[in-house]
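Take a look at the letters that make up each chain.
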Amino acid sequence: DTGVSQNPRHKITKRGQNVTFRCDPISEHNRLYWYRQTLGQGPEFLTYFQNEAQLEKSRLLSDRFSAERPKGSFSTLEIQRTEQGDSAMYLCASSLSGGGLLGNQPQHFGDGTRLSIL
Amino acid sequence: GQSLEQPSEVTAVEGAIVQINCTYQTSGFYGLSWYQQHDGGAPTFLSYNALDGLEETGRFSSFLSRSDSYGYLLLQELQMKDSASYFCAVMRGGQNFVFGPGTRLSVLP
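All values reported here derive from a predicted model rather than from experimental measurement. (Residues numbered from 1 in each chain as written. Chains lettered and ligands numbered in written order. Predicted model: local features only at pLDDT ≥ 70, side-chain atom pairs only at ≥ 80, totals over all residues. Heavy atoms only, no water.)

So, on to the state of the cysteines. Under the definition given, this model contains two disulfides over all chains. With a sulfur-sulfur separation of 1.9 Å, Cys23(A) is cross-linked through a disulfide to Cys92(A). Across the S-S bond of Cys23(A) and Cys92(A) the torsion is about -65 degrees, and the bridge reads as left-handed. Of this pair, Cys23(A) sits in strand 3 (residues 19–24) while Cys92(A) sits in strand 9 (residues 88–95), and the two are 69 residues apart along the sequence. Using a relative accessible area of 0% as the deciding quantity, one classes Cys23(A) as buried. We classify Cys92(A) as buried; its relative accessible area is 0%. In this model, Cys22(B) is linked to Cys88(B) through a disulfide, with the two sulfur atoms separated by 2.1 Å. Taking the sign of the S-S torsion, about 75 degrees here, the bridge from Cys22(B) to Cys88(B) comes out right-handed. Note that Cys22(B) is positioned in strand 3 (residues 18–25) and Cys88(B) in strand 9 (residues 84–92), a separation of 66 residues in sequence. Just as Cys22(B) is buried, Cys88(B) falls in that class too. (Disulfide = S-S within 2.5 Å. Helix = DSSP H or I, 4+ residues; strand = E, 2+ residues; numbered from the N terminus. Buried < 20%, exposed > 50% of the residue type's maximum accessible area, 1.4 Å probe, protein only.)

Moving on, we come to the pairing of strand 8 (residues 70–75) of chain B. Residue and element names in this part refer to chain B. Burial analysis of strand 8 places five of its six residues in the buried class, which makes it a mostly covered element. In terms of strand pairing, strand 3 meets strand 8 through six bridges, oriented antiparallel. Within the sheet, the bridge partner assigned to threonine 23 lies in strand 8 and is tyrosine 70. Here six bridges tie strand 7 (residues 60–65) to strand 8, and the two strands are oriented antiparallel to one another. Opposite phenylalanine 63, over in strand 8, you have tyrosine 72 as the bridge partner. If you look at the hairpin formed by strand 7 and strand 8, you'll find four residues sitting between the two strands, and serine 69 has a positive phi there, around 50 degrees. (Pairing = 2+ DSSP bridges.)

Residues and elements named next belong to chain B. Membership of the largest hydrophobic core comes to 23 residues, with the highest contact counts inside it found for Leu32, Trp34, Leu75, Tyr86 and Leu105. Only strand 2 (9–13), strand 3, strand 4 (29–37), strand 7, strand 8, strand 9 and strand 11 (103–108) provide two or more residues apiece to this core. Residue contacts for leucine 105: discarding those within four places in its chain leaves Val10, Val18, Leu75, Leu78, Asp82, Ser83, Ala84 and Tyr86. (Core = buried A, V, L, I, M, F, W, Y, C linked by side-chain atoms within 4.5 Å. Contact = heavy atoms within 4.5 Å.)

Averaged over all residues, the pLDDT of chain A equals 91, while 94% of them reach at least 70. Ranking the helices and strands of chain A by mean pLDDT puts strand 3 of chain A first, with 98, and strand 6 (residues 53–57) of chain A last, with 89. (pLDDT = per-residue confidence, 0-100.)

Residues and elements named next belong to chain A. A sheet is described by the order of its strands in space; here four strands give the open sequence 1-3-8-7, paired in antiparallel fashion. The sheet is open, and its two borders are formed by strand 1 (5–7) and strand 7 (65–68), each paired with just one other strand. Averaged over all adjacent pairs, the angle separating strand axes in this sheet is 15 degrees, with direction ignored. The pairing of strand 7 with strand 8 (residues 75–79) spans four bridges and is antiparallel. When the sheet's bridge partners are listed, alanine 67 is paired in strand 8 with leucine 77. (Axes fitted to C-alpha atoms, helices over the stretch in contact; angles between N-to-C directions.)

In C-alpha cells:
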C-alpha cells in the first residue's frame, strides 16, 4: 500500500492558463474523489468516479473544470482559463466500494496539489 | 441545501477529554464520518456512524443521533499530537460527501 499519490505538489501559474493535476489512487481502490480545500475550510466535493465512470459532479463545478479516469486507475483534473478564485489545495481520495448503507469504506487522501494563481 | 456546523476552535490540556459537536442539515443522509487533518497534511479517516449510538475506537469515540441531526467526536486522554483540525462529513446518496468547516483543536501542555 503506497498510498494516494498526487502530482505536482505545487503549481504556480498565471491567470488564464490551463493546468492539469494527476492522482494515482491506491491500486485496488475502485472509487476516486476530487475535492478542493481553501484555508480554514473543509474539503469541498468536486467529483467522483467508480472505476472509469464519472458518477457525480458538483453543481459548483464550472465547465472550466474537467476530470477523467480513462482506465479506471489514475485520474486527471484539468482547469481551463484559470482564475484567481481557483487558488486552493486540490485533494484526491480513493476508497473501496461496498459496505452498503450501514457500512462505509474510508477515503484515503493524498497530500494534495496546491495551486496558486498569479 | 445542506449545511454542517462545528465549533471553529477548541482548546484543552493534555490528559483531558474533549467533545467536538457537529450538527447537520442535509437531504439523503446515510451516515456521519470524522476526519483528522494536521497542518499541511492530508485528512485521515477516524470513524463512521450510520446508526444511532456510540462507536468506540481506542481513545476516540463518535456518537450519532439521526433524529436530532447531531453527532460528536469524543477524544479522551488528550495528547499533544492530537492538535489538529477535525472535520465531520455527511455521506449522502451516491457516495457524495459534504464536509463541515472543521474544528481546530489545540492541546496545551
